[in-house]
Amino acid sequence: MGALEDLSTPLLDDFAIPTNTDIGATRLPETTADDSCAYLCGNSLGPLSKQSEKLINDELKVWRTRAVEGHFSHPHGREWLNIADTVTPLLAEIVGAKEKEVACMSTLTANLHLMLSAFYKPTPDRYKILCEAKAFPSDQYAFASQAVLHGYDPTDAIIELAPRTGEFTLRESDIIDLITKQGNSIALVIFSGVQYYTGQWFPMQAITKAAKEQGCICGWDLAHAVGNVPMALHEWDVDFAVWCSYKYLNSGPGGIAGLFIHEKWNNTRPPQYAGWWGHDPSTRFSMPPLFNAIPGAQGYQQSNPSVLNIVSLLGSLQAFKRVGSMDLLRKRSESLTLHLEGELEKSKFYVPVHEVSARYPSATNDKNRDGQNSQPQRFGFAVITPSDPESRGAQLSLLFLPTGSGAMGKVFDRLLEEGVVGDKREPDVIRLTIAPLYNTMGDIDRAAHGLERALEELNTST
Ligand SMILES: Cc1ncc(COP(=O)(O)O)c(C=O)c1O
Ligand SMILES: Nc1ccccc1C(=O)C[C@H](N)C(=O)O
């Protein structure tokens, strides 16, 4: 099996990256029109894997030529009845789980609700849900609606832990202290593995351990962690986890999601929302009236999965497999992200994150935007993602200053004109992600130089 050992990009050819022309880059020489853009947005939607494209086309052909027979007989040995079996072992490796602890199914938010319905069992003494403040909105809605479903007021039932004043990310000690002090009233501790906005990789093992010591259930939303950072869900004794696959796993827009349930729950957490795909496959097609669940995560499957979605995921997972392990991929990821960070720190407009509060006092106070101050301030940026590589994945989140000044939007547009695709989170953040499967040092240089030119222009034109 091949392994990425240096900063070359052996898998670059595996992915179709949009060209500068495709994304409408207008400020580049004509000669680069057909070159790949610098696609730094794998945290939102991974690019198309060429193998996925091939596999989808293969399946379309099977559908065209065999129709329903494709379920039972398949020219490439991927009978649709068992199509999920092509991806579960690969997913299990990526999240550090046993195969039977993983199911590839449905969508992230739906899976989150399924897991909450199975694991959030509040009692009058222990009914709280602990999560990070400003979790991805879908998660906030899911937590709140589940609290309401059980008769609790979300403002009381949900504890949202926010960074300290003047800080942007959570300190491990603050998370652990809170769990230790309030754990006996907490039913569920659920964080995102990697935070979508800040890029912080939470100390998953330590949080899980602290939660377990207090008798809490511990679950994880791994949307931004899966395929990004190495994990050992089984060994860490995580109770459940959910993820989508269209970010670092490159399965395509709306791709099929996944979930993990620790095997220790096999006998005590039967699926409550049963469907035929969670039924024992050996008798599924005898159509028995009584549900007999597959032990473990796969018993939670409800419907027959989308074959096109699964093979789309499979194409990309084969690229992960060729790399060899998440640890190897992570090595490359760490050095590329360090390099991006280093380039950003060289900028004239770089503001160290610990100076943000002092230099832009309103940046950590949403009510009073710096952009409305009477004194015009220089446009700049800080990196709010933790600088410790152990506390982050591939993404760096740049906070544009002064906050509320509109600088972020202008820089974002300018980067796009130069063929650099990041993503913006209003009002002030651009996320840049160096995905180790397909991004290059050249992408980093383009982003850093584009950013410098954009801020130079912004500061001289006002
Ligand atoms: C952390 C997190 N949770 C939930 C979602 C929602 O996912 P979906 O629309 O696939 O349910 C996303 C991404 O969209 C996310 O990043
Ligand atoms: N599925 C999408 C469709 C359209 C636009 C964004 C998304 C995202 O996934 C957003 C992502 N979860 C984020 O971290 O912001």
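Residues numbered from 1 in each chain as written. Chains lettered and ligands numbered in written order. Predicted model: local features only at pLDDT ≥ 70, side-chain atom pairs only at ≥ 80, totals over all residues. Heavy atoms only, no water.

As named in an unreviewed UniProt entry, the chain is Kynureninase, taken from Serpula lacrymans var. lacrymans. Recorded in UniProt under Subunit (unreviewed entry), the annotation for the chain is "Homodimer." The record in UniProt for the chain states the following under Cofactor (unreviewed entry): "pyridoxal 5'-phosphate". (UniProt positions renumbered as here; feature names shortened; annotations may be inferred.)

Peer 1: So what's going on with the site of ligand 2? Which residues, and what values?
Peer 2: Looking at ligand 2, the residues that line it are S44, F136, Y196, H224, Y246, K247, R425 and R431. H224 has a polar side-chain atom sitting 2.9 Å from an oxygen atom of ligand 2. When ligand 2 is considered free in solution it has 370 Å² of accessible area, and contact with the protein chains removes 60% of it. (Near = heavy atom within 4 Å. Polar contact = N/O pair within 3.5 Å; in protein donor to acceptor, adjacent residues only side chain to side chain. Areas by Shrake-Rupley, 256 points an atom, 1.4 Å probe, with all protein chains shown as cover.)

Peer 1: With reference to specific residues and values, describe the UniProt feature "domain: Aminotransferase class V" (unreviewed entry) in the chain.
Peer 2: As recorded in UniProt, the sites labelled "domain: Aminotransferase class V" (unreviewed entry) are residues 90-361. Secondary structure over residues 90-361 splits into 36% helix and 12% strand, and the C-alpha atoms at its two ends are 47 Å apart. (Helix = DSSP H or I, 4+ residues; strand = E, 2+ residues; numbered from the N terminus.)

Peer 1: Before we move on, can you summarise the nonpolar core with the specific residues and values?
Peer 2: Counting residues in each nonpolar core, the largest one holds 69 residues, and the members touching the most others are V189, W220 and L222. Sorting elements by how many residues they give to this core places helix α8 (residues 307-323) first, with nine residues. Both domain 1 (12-36 + 327-461) and domain 2 (63-323) contribute no fewer than three residues apiece to this core. Setting aside anything within four residues of it in sequence, one finds L222 in contact with G193, M204, M231, L233, A241, V242 and W243. Listed in part, the 32 residues of the second largest apolar core include Y120, F143, A147 and V242. (Core = buried A, V, L, I, M, F, W, Y, C linked by side-chain atoms within 4.5 Å. Buried < 20%, exposed > 50% of the residue type's maximum accessible area, 1.4 Å probe, protein only. Domains from an automatic or database assignment. Contact = heavy atoms within 4.5 Å.)

Peer 1: Any chance you could break down the UniProt feature "modified residue: N6-(pyridoxal phosphate)lysine" (unreviewed entry) in the chain for me, citing the residues and the numbers?
Peer 2: The sites that UniProt annotates as "modified residue: N6-(pyridoxal phosphate)lysine" (unreviewed entry) are K247. Structurally, K247 can be placed in the loop between β9 (240-243) and β10 (258-261). Apart from the residues lying within four places of it in its own chain, the contact partners of K247 are G42, N43, S44, L45, G46, A223 and H224.

Peer 1: Mind laying out the pattern of salt bridges, listing which residues take part and the relevant values?
Peer 2: Counted under the stated rule, the structure contains 24 salt bridges. R78 serves as the salt-bridge partner of D58, at 3.8 Å between the closest nitrogen and oxygen. In this pair, D58 sits in helix α1 (residues 50-66) while R78 sits in the loop between α1 and α2 (88-95), placing the two residues 20 residues apart along the sequence. Across the pair, exposure class does not vary: D58 and R78 are buried alike. (Salt bridge = Lys/Arg side-chain N within 4 Å of Asp/Glu carboxyl O.)

Peer 1: Explain the sheet that holds strand β14 (residues 423-425) to me, and be specific about the residues and the numbers.
Peer 2: Reading across from one edge, β11-β12-β15-β14 is the order of the four strands in this open sheet, with antiparallel pairing throughout. Here the strands that pair on one side only, and so sit at the sheet edges, are β11 (380-383) and β14. Sheet twist, expressed as the average angle between the axes of neighbouring strands with direction ignored, equals 30 degrees. Two strands pair when backbone bridges link them, and strand β12 (residues 395-401) and strand β15 (residues 429-433) are joined in this way by five bridges, in the antiparallel orientation. (Pairing = 2+ DSSP bridges. Axes fitted to C-alpha atoms, helices over the stretch in contact; angles between N-to-C directions.)

Peer 1: Give me the lowdown on a negative patch on the surface, citing residues and values where you can.
Peer 2: A surface patch of negative charge is lined by D22, E30, D34 and D35. With respect to the helices, strands and loops of the structure, D22 is situated in the loop between β1 (15-16) and β2 (38-39). (Patch = residues over 30% accessible without salt bridge, like charges linked within 9 Å, V, L, I, M, F, W, Y side chains within 5 Å. Lys, Arg positive; Asp, Glu negative; His and termini not counted. Charge placed at Lys NZ, Arg CZ, Asp CG, Glu CD.)

Peer 1: How would you summarise the pairing of β9 if you had to cite specific residues and measurements?
Peer 2: Across the two faces of β9 the burial is the same, with F240 and V242 and A241 and W243 all buried. Relative to β9, strand β8 (residues 217-221) runs parallel, the two sharing three bridges. Bridge pairing links G219 to F240 in β9. Where β9 lies against β10, four bridges are found, and the strand directions are antiparallel. Among the inter-strand pairings, F240 is bridged to a residue of β10, identified as I261.

Peer 1: Give a detailed account of the sheet that holds β10, specifying residues and quantitative values.
Peer 2: With mixed pairing, seven strands are arranged side by side in an open sheet as β4-β10-β9-β8-β7-β5-β6. At either margin of the open sheet sits one strand with a lone partner, and together these are β4 (102-104) and β6 (158-161). Shown here is a sheet whose adjacent strand axes are inclined to one another by a mean of 15 degrees, direction ignored. Summarising the sheet, strand β5 (residues 128-132) and β6 pair through four bridges and their orientation is parallel. Bridging across to β6, L130 finds its partner in I159. Here helix α7 (residues 204-213) sits on the sheet in contact with β7 (186-192) and β8, set at roughly 155 degrees to β8.

Peer 1: So what about the site of ligand 1? Which residues, and what values?
Peer 2: Ligand 1 sits among L108, T109, F136, D139, D221, A223, H224, Y246 and K247. Note that an oxygen atom of ligand 1 is positioned 2.5 Å from one of the side-chain N or O atoms of T109. A distance of 2.7 Å is found between a nitrogen atom of ligand 1 and a side-chain nitrogen or oxygen belonging to D139. Relative to its free-state accessible area of 390 Å², ligand 1 is covered by the protein chains to the extent of 80%. Grouping the amino acids of the shell around ligand 1 by side-chain chemistry returns four nonpolar, two polar and three charged. (Nonpolar A, V, L, I, M, F, W, Y, C, P; charged D, E, K, R; others polar.)

Peer 1: How would you summarise the environment of P288 if you had to cite specific residues and measurements?
Peer 2: Mapping P288 onto the fold places it in the loop between β10 and α8. According to the relative accessible area criterion, P288 is partly exposed, its value standing at 34%. Sequence-wise, P288 and V229 are 59 residues apart; in three dimensions their C-alpha atoms are separated by 42 Å. Not counting the four nearest positions on each side in its chain, P288 is found in contact with H279 and T283.

Peer 1: So what's going on with the packing of α2 against α8? Which residues, and what values?
Peer 2: Two elements in contact, α2 and α8, have axes whose closest approach is 10 Å; the angle formed by their N-to-C orientations is 50 degrees. What the angle tells us is that α2 and α8 run oblique. Considering only the axes of α2 and α8, their crossing is left-handed. On the side of α2, the interface is formed by L90, L91, E93 and I94, while α8 contributes L313, L314, L317, F320 and K321. Residues belonging to the contact of α2 with α8 are distributed by class as follows: seven nonpolar, no polar and two charged. (Parallel < 35°, antiparallel > 145°, perpendicular 65-115°, else oblique. Left-handed = near helix turned anticlockwise from the far one by under 90°.)

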